Amino acid sequence: MKVRLDTMLQEEKVLFEDIKGIDTSRWKLFSKLQSFFTKAWDSYWYFAILFVIAAAFMLFRRTVYGVATVGVIMALFWIFCEDILAGLLPFLLMAIMTVQNYKNLGIYFRDAWVVGLLAVALIVHLIIYAKPIRLGRSFVGLACVSIACALGGLGSITCEEYCNPTALYYTYGLGVGMLAMYVLFKSHVVYGRGPSPLKRLGRVLYVAGLFMAYAIYLFYYLREGVFDEGFAIPFISYRNYAATILLITMTIPCYYCIRSNVHILSILFMYFAIIMTGSRSGLFFGAVLLLGCIAYLFKYNKKKRRIYFMVLMIGAIPFVILCFVLVEALFADKPAEPIATVGTDWLLEPMECRPDFAFSDEDFARFTRWYLAVCEKRELLGSTNHLLYICRKRT
């Protein structure tokens, strides 16, 4: 009896050691994957590879598969990387990729399984890297915004309009979704290892801005014959969405310009993309932001002021050209028939400021003939200080 008991104890000990060995090997594999994904998150290759993957799917118009692919990458980073901020760039890239089917967002219901995968990855992350919940000072304000987004349209829109995929995307994505992301990142962002969270966030927004600009330029590339009948910015259904993202991210390259002037190209890349969206508010605020960026660089990098002035002049050209185009567009849906858009002062304004300024009758007649010959030439409208839009009310 004693021999049999000793044999059973020995067998249980061997079995326990085998199980322990299996657990140890699995933990080693998990630790290696953690190390790999953490190093990837710390490197610049993480941003470049994600950008190329998402850009390729948009180029070949396969964004349904692209959203799924980037979603899987996001899930892997949430499982194997302690810093939850590593999932922000994939999330933004997925959101931007959906603009290619902006009027038919229901097509992305095929990727519903990705939502389940991300939910599981998030739960695993919260269990493995458990941390206390921090609400932060902005929680109450964001909660109020979430309630307003969810209930604001009740009583004034139909149930069908409220349950439209695009409407749900905005209502809950910009409401409850933003609130959940705030609490999540406030509680689980990693401090004290590698670059600071602010620098990491800057890199993420930088790449997201470049990708949004890429999506706008790709829209024109894939739209054949868009300028066959002359230059006119076509209607882009997601223009305000794109302009908002670009306005948020355009100032990020300005910070990096202190180190290298190469990042000026990124500022111009995003600025011209804002113009190409056709958003009127984007055109105005984009010019304001460009001016602010140049003012910042003028202050902190005095040696390169000539370069920054040239950038400002380059950025001003499309702003001046499109200003009067947008003025005409304001009247496009009004009961008014356009007659002409003309310049009103030209050389006359600086000339009449001179104390010795005078016109003989003959000179005035010549000036009048010259003015009538050039006042409607659109290529010269940028050289006048004021424009006059002439139209006739339709009866």
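Quick summary incoming for the structure in this document. None of the values given here were measured: they were computed from a predicted structure.

Rules behind the numbers
- Residues numbered from 1 in each chain as written.
- Predicted model: local features only at pLDDT ≥ 70, side-chain atom pairs only at ≥ 80, totals over all residues.
- Heavy atoms only, no water.
- Axes fitted to C-alpha atoms, helices over the stretch in contact; angles between N-to-C directions.
- Helix = DSSP H or I, 4+ residues; strand = E, 2+ residues; numbered from the N terminus.
- Parallel < 35°, antiparallel > 145°, perpendicular 65-115°, else oblique.
- Left-handed = near helix turned anticlockwise from the far one by under 90°.
- Contact = heavy atoms within 4.5 Å.
- Nonpolar A, V, L, I, M, F, W, Y, C, P; charged D, E, K, R; others polar.
- Core = buried A, V, L, I, M, F, W, Y, C linked by side-chain atoms within 4.5 Å.
- Buried < 20%, exposed > 50% of the residue type's maximum accessible area, 1.4 Å probe, protein only.

## Some words on the packing of helix α2 (residues 45-59) against helix α3 (residues 63-80)
Okay, so step 1: Relative to each other, α2 and α3 sit at 160 degrees, their axes nearing to 8 Å. With respect to α3, the axis of α2 lies roughly antiparallel. In terms of crossing hand, the pair formed by α2 and α3 is right-handed. Contact with α2, carried on its side by Tyr46, Leu50, Ile53, Phe57 and Met58, involves Thr63, Tyr65, Gly66, Thr69, Ile73 and Phe77 of α3 and no other residues of that element.

## Digging into unusual backbone geometry
Okay, so step 1: At Arg61, a residue that is not glycine, the phi angle is positive and equals roughly 55 degrees.
Okay, so step 2: When you line up the elements, Arg61 lands in the loop between α2 and α3.

## A few points about the packing of helix α10 (residues 197-222) against helix α13 (residues 264-277)
Okay, so step 1: Put simply, α10 and α13 touch, their axes get as near as 9 Å, and they point 45 degrees apart. Judged by the angle between their axes, α10 and α13 are oblique. The handedness of the crossing between α10 and α13 comes out as left-handed. Across from Tyr206, Gly209, Leu210, Ala213, Tyr214, Ile216, Tyr217 and Tyr220 in α10, the residues of α13 making contact are Ser266, Leu268, Phe269, Met270, Phe272, Ala273, Met276 and Thr277.
Okay, so step 2: Class assignment for the residues of the contact of α10 with α13 results in 13 nonpolar, three polar and no charged.

## So, the nonpolar core
Burial of nonpolar side chains together is a common tendency in soluble globular proteins.
Okay, so step 1: Trp41, Phe77, Phe211, Met212 and Tyr238 are the most contacted members of the largest nonpolar core, which has 84 residues in total.
Okay, so step 2: In contact with Tyr238, other than residues within four places in its own chain, are Val99, Tyr102, Met212, Ala215, Ile216 and Phe219.

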